[in-house]
Amino acid sequence: MSTTDTPATGFAVDRSALHHLADAQVNVELDTGDMILNLGPQHPATHGTLRIVVRLDGERVVTADPIIGYMHRGYEKLTEFRTYPQVTTLINRIDWLSSFANEVPFMDAAERLMSIEAPPRAKYIRTILTELSRIATFLLFLGEMAAQVGALTPVFYGFRDREYVLNLIEAATGGRFHPNFNRIGGLKDDLPWGWIAECRSTMKVVLNACDDFEDLVLGNEIFEARTRGIGIIPDHVGPSYGVSGSNLRASGVDWDLRRDGPPYLAYPDLDFKVWTHPDGDSYSRYWVRLQETREAARMVLQCLDGIPSGPVMAKVPRIIKVPEGEIWVETENPLGQMGYYVISKGGTGPFRVKIRSASFSNVSILPWLLRGVYVPDVITILASLYFILGDIDR
Amino acid sequence: MADEPTTDPADDAQPTPNPKHEWMLGQLRDALDADLLESAVAFDDLVVRVAPGSWRHAAEVARDRLECDYLCFISAIDWQPAPREGDDAGGDTSAPVQPTEMTFGAAGSAGRFQVFAHVQSTGGHHGLTLKTDVGDEPSAVASWVPVYPGADWHERECWEMFGVVFDDHPALRHLYLPNEFEGHPLRKDFPLLARVVKPWPGLVDVEAMPGGDAPEPAAVPAGDEDAS
């Protein structure tokens with residue numbers, strides 16, 4: 001187990017340590033040879049094309065080597081051949097479950113380089129849509145993770161409730177997955193008539209769904225047995241691998257860019273709690289995301305109450321030319337820290353864009369994390385880290 | 001040293017120094033001495049350029065003295081402008097207009113290639129960007145893997161995309177690209193092959209702007225200027 005050097009809470013540690021000890025002895029005595037297991041690239045637990053070459057000693061993993069790049073689209077190169085408004089289309093497809101949230105940091109970067117600011121109403125609508133995509137992403141996770149330990153019912157609940165949220169996003173932006181709704185300086189359109197009331201009632205559905213998941217999954221004995229004490233990321237190891245977002249908060253690191261980073265969108269105006277869990281195991285990652293889904297729904301409700309009136313688009317020149325300069329912008333996306341280092345040479349397109357995506361770093365801890373775990377636990381650990389292949393490969 | 005680059009219009013209005021930046025800069029200058037070459041503030045982000053020989057030492061200082069326990073990313077920049085239509089390297093026809101001479105960004109550079117990284121503190125909520133020069137034909141620089149284990153994949157990506165070698169890296173092999181891939185795609189002289197095979201279709205049907213006024217020259221990509 002990866003639990004050896006962690007001082008996490010009592011129940012998480014060493015419940016199965018005795019078994020492991022016994023196994024290790026048996027393996028030494030019998031001198032069993034290693035076996036190579038190819039997990040993927042088309043494995044249902046990887047949600048895409050991630051391949052992990054696992055060397056096994058009996059049922060336990062000796063080394064794990066993730067092989068990525070099956071989905072590599074070279075976005076950093078492509079941005080150099082696009083104008084700033086055209087780049088939005090590309091970055092929509094990095095993390096395709098929360099596309100709207102991907103657009104926000106890039107728009108922020110371009111706007112700050114151009115010294116323009118989106119109007120307050122646009123900022124609020126951006127905040128609402130970002131949190132809606134967080135809810136949509138996490139609802140899928142809450143169902144999917146349960147499916148990986150054999151519970152099929154939550155999947156349908158997750159998909160059903162995510163549908164309501166996607167309907168909202170579609171009603172506002174016209175796109176379910178790739179809204180492409182942000183413009184430099186604001187938004188394409190205002191919210192449609194009746195949308196705010198609709199959104200309010202949907203948030204009630206989401207809050208109820210969270211209660212359902214809590215009853216269905218978190219109280220489940222099998223789920224606990226499969227996730228408690230499994231795949232522990234200690235709080236001093238996660239940051240050195242660049243693990244961010246809910247995965248890091250589940251290790252007890254109290255760090256959320258919405259609260260701690262440079263102020264962006266309407267987050268300074270909102271009152272919200274950053275949830276952490278001390279254990280760092282698969283269970284706590286599920287628990288933290290469940291709480292964050294609730295928190296996101298509450299934040300949407302707050303935004304709906306406080307949404308200012310006014311235009312949704314600032315005065316922007318017809319042809320977007322960004323002055324020379326470089327800027328680093330980071331935001332708290334559903335999967336973790338997302339950032340763009342944009343270098344402009346004063347042209348209509350960026351000179352260089354470094355895309356820092358959350359899943360890339362979250363998955364880079366796998367060789368360390370999977371060492372010594374059992375094969376079935378590999379699946380639950382992969383599911384609990386919750387990555388999107390497009391976000392790894394870019 | 002800590003002067004803001006004159007090219008940043010947004011920073012002119014806010015000359016008040018950030019105490020976090022001052023503290024980080026002081027610690028770095030204390031530890032690196034003359035190897036801290038230049039520093040700048042680019043939109044509230046401290047950018048520090050260090051000598052290539054101190055690249056790993058800078059990471060150790062950032063981790064141990066600046067409390068930056070979180071590795072955000074490591075990558076590189078190729079400052080050379082991309083060749084355009086008519087240039088020898090068979091440049092792209094659709095790239096948005098870019099300057100033709102080589103200029104450097106915040107904190108300067110000594111040559112074409114630069115390795116840069118961003119580290120942050122999860123407890124102190126501060127961060128900084130570190131840069132180092134690797135020259136015109138990238139020379140090797142020390143790996144950060146002993147300092148931040150997460151540097152592994154970032155450096156593999158940086159190596160295959162830019163050709164920057166990281167000394168003491170445990171396994172510098174391809175990350176995204178197939179093993180037999182030749183060249184370094186993110187270098188500016190590596191053409192975007194899709195555009196070489198088929199020119200950007202947007203060039204052919206340029207829609208007239210509403211109101212009948214012709215598009216401003218700046219909006220027209222490079223290749224179109226030759227056509228008119």
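Residues numbered from 1 in each chain as written. Chains lettered and ligands numbered in written order. Predicted model: local features only at pLDDT ≥ 70, side-chain atom pairs only at ≥ 80, totals over all residues.

Okay, the overall build of chain A next. When helices and strands are tallied, chain A shows 15 helices and 8 strands. Expected size for 394 residues packed as a compact globule is a radius of gyration near 21 Å; at 22 Å, chain A falls within 12% of this value. With respect to the three principal axes, the spread of C-alpha positions in chain A is 75 × 45 × 35 Å. The buried share among the 394 residues of chain A stands at 55%. Sequence separation of at least 24 residues holds for 72% of the intrachain contacts in chain A that already meet a minimum separation of 6. (Helix = DSSP H or I, 4+ residues; strand = E, 2+ residues; numbered from the N terminus. Rg over C-alpha atoms; globule rule 2.2 N^0.38 Å. Buried ≥ 20, exposed ≤ 12 C-beta atoms within 10 Å, placed from the backbone. Contact = placed C-beta atoms within 7 Å.)

Attention shifts here to the pairing of strand β3 (residues 70–78) of chain B. All names here are of chain B. The element β3 is largely enclosed, with a buried count of 9 among its 9 residues. Looking at chain direction, β3 and strand β4 (residues 113–120) are connected through 8 bridges and run antiparallel. Bridge pairing links Ser75 to Phe116 in β4. (Pairing = 2+ DSSP bridges.)

Let us now look at the interface of chain A and chain B. Taken residue by residue, the interface counts 43 residues in chain A and 45 residues in chain B. Of all the elements in the fold, those that place two or more residues in the side of chain A that touches chain B are α2 (75–79), β6 (325–333), β7 (336–344), β8 (352–356) and α12 (358–364) of chain A. The element contributing the most residues to the side of chain A that touches chain B is β6 of chain A, with 4 residues. Looking at the side of chain A that touches chain B, its residues break down into 15 nonpolar, 15 polar and 13 charged. (Nonpolar A, V, L, I, M, F, W, Y, C, P; charged D, E, K, R; others polar.)

This part takes up helix α2 (residues 19–32) of chain B. Residue and element names in this part refer to chain B. Helix length check: α2, at 14 residues, gives a terminal C-alpha distance of 20 Å against a target of 20 Å (1.5 Å per residue), a fit within 8%. Every buried residue of α2 is listed here: Met24, Leu25 and Leu28. Axial view of α2: buried residues confined to an arc of 100°, hence all on one face. For α2, the exposed residues lying more than 90 degrees away from the buried face are Pro19, Glu22, Gly26 and Asp30. Contacts made by the buried residues of α2 are with β1 (36–42), β2 (45–50), α3 (55–64) and β5 (127–135). Where α2 terminates, the next one or two residues include Asp33, which has phi positive at roughly 60°. (Expected span 1.5 Å × (residues − 1). Arc of directions from axis to C-beta.)

Another aspect to go through is the pairing of β7 of chain A. All names here are of chain A. In terms of residue burial, β7 counts as a mostly covered element, since 9 of its 9 residues are buried. Of the pairings in the sheet, the one linking β6 to β7 comprises 9 bridges and is antiparallel in character. Residue Ile327 lies in a different strand from β7, and its bridge partner there is Val342. Here β6 hands over to β7 after 2 residues, the two strands then running antiparallel side by side. Pairing of β7 with β8 involves 5 bridges; the strand directions are antiparallel. Considered in β8, the bridge of Tyr340 is made with Ile355.

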